[in-house]
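What follows is each chain in one-letter form.
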Amino acid sequence: MSTDEVKMARIETRISAEKKELIERAAAYQGRSVSEFVVANAELAARAVIEEHEQLKLNQSQSRALVDLLLKSAKPNKQLRDAATQHRKHVTSR
């Protein structure tokens, strides 16, 4: 966290004494307060989970199949044309 960021939110949790001691010990090894240690590691974990769920990872054959589908020039069917017409009637773009 940069020094320019204002701390406005609070997170509270209850944990066992053993877990608290473990976290305090790890924080001490890194020369951080327990709060700094918890926030830094929670942020890393949160970013990893978000990346796992928001990134599409394909192997080589999946990548080729996707590119082939994207490059194929399919003609819009009646349902798609009707949907586009309805969209133009009801949605205004700025």
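Predicted model only: the values in this text are computed from it and were never measured.

### Some words on the overall build of the protein
Here is step 1: When you go through the protein residue by residue, the secondary structure sums to four helices and zero strands.
Here is step 2: In sequence order, the secondary structure elements of the protein are arranged as α-α-α-α.
Here is step 3: Compactness check: the protein gives a C-alpha radius of gyration of 25 Å against a globular reference of 12 Å for 94 residues, more than 25% above the reference.
Here is step 4: Taking the principal axes of its C-alpha atoms as reference, the protein extends roughly 65 × 40 × 30 Å.

### Structural notes on the pattern of salt bridges
Here is step 1: By the definition in use, this model includes four salt bridges.
Here is step 2: Its salt-bridge partner being arginine 10, residue glutamate 12 comes within 3.1 Å of it at the nearest N-O pair. Judged on exposure class, the residue glutamate 12 and its partner arginine 10 are both exposed.
Here is step 3: A salt bridge links glutamate 24 to lysine 20; its shortest N-O distance comes to 2.8 Å. Here the residue glutamate 24 and the residue lysine 20 both occupy positions in helix α1 (residues 17–30), the gap between them amounting to four residues, near one helical turn.
Here is step 4: Take glutamate 24: its relative accessible area is 32%, and that puts it in the partly exposed class.
Here is step 5: Lysine 20 sits in the partly exposed class, given a relative accessible area of 45%.

### Some remarks on α1
Here is step 1: An ideal rise of 1.5 Å per residue puts 20 Å on 14 residues; α1 measures up with 20 Å between its terminal C-alpha atoms.
Here is step 2: The buried fraction of α1 amounts to one of the 14 residues, a small share that puts the element mostly on the outside.
Here is step 3: A positive backbone phi angle near 70° is found at glycine 31, which sits one or two residues after α1.

### Structural notes on a nonpolar patch on the surface
Here is step 1: Together, Leu56, Leu58, Leu66 and Leu70 line one region of the surface with nonpolar side chains, adding up to about 400 Å² of accessible area.
Here is step 2: In this structure leucine 66 comes out as partly exposed when scored by relative accessible area, which is 35%.

### Structural notes on the packing of α1 against helix α2 (residues 34–54)
Here is step 1: Where α1 meets α2, the closest approach of the two axes is 9 Å, and the angle between their N-to-C directions is 95°. What the angle tells us is that α1 and α2 run roughly perpendicular. Facing α1, whose interface residues are Ile23, Glu24, Ala26, Ala27 and Gln30, α2 presents Val34, Phe37 and Val38.
Here is step 2: Partitioning the contact of α1 with α2 into residue classes produces six nonpolar, one polar and one charged.

Definitions and limits used
Residues numbered from 1 in each chain as written. Predicted model: local features only at pLDDT ≥ 70, side-chain atom pairs only at ≥ 80, totals over all residues. Heavy atoms only, no water. Helix = DSSP H or I, 4+ residues; strand = E, 2+ residues; numbered from the N terminus. Rg over C-alpha atoms; globule rule 2.2 N^0.38 Å. Salt bridge = Lys/Arg side-chain N within 4 Å of Asp/Glu carboxyl O. Buried < 20%, exposed > 50% of the residue type's maximum accessible area, 1.4 Å probe, protein only. Expected span 1.5 Å × (residues − 1). Patch = residues over 30% accessible without salt bridge, like charges linked within 9 Å, V, L, I, M, F, W, Y side chains within 5 Å. Areas by Shrake-Rupley, 256 points an atom, 1.4 Å probe, with all protein chains shown as cover. Axes fitted to C-alpha atoms, helices over the stretch in contact; angles between N-to-C directions. Parallel < 35°, antiparallel > 145°, perpendicular 65-115°, else oblique. Contact = heavy atoms within 4.5 Å. Nonpolar A, V, L, I, M, F, W, Y, C, P; charged D, E, K, R; others polar.

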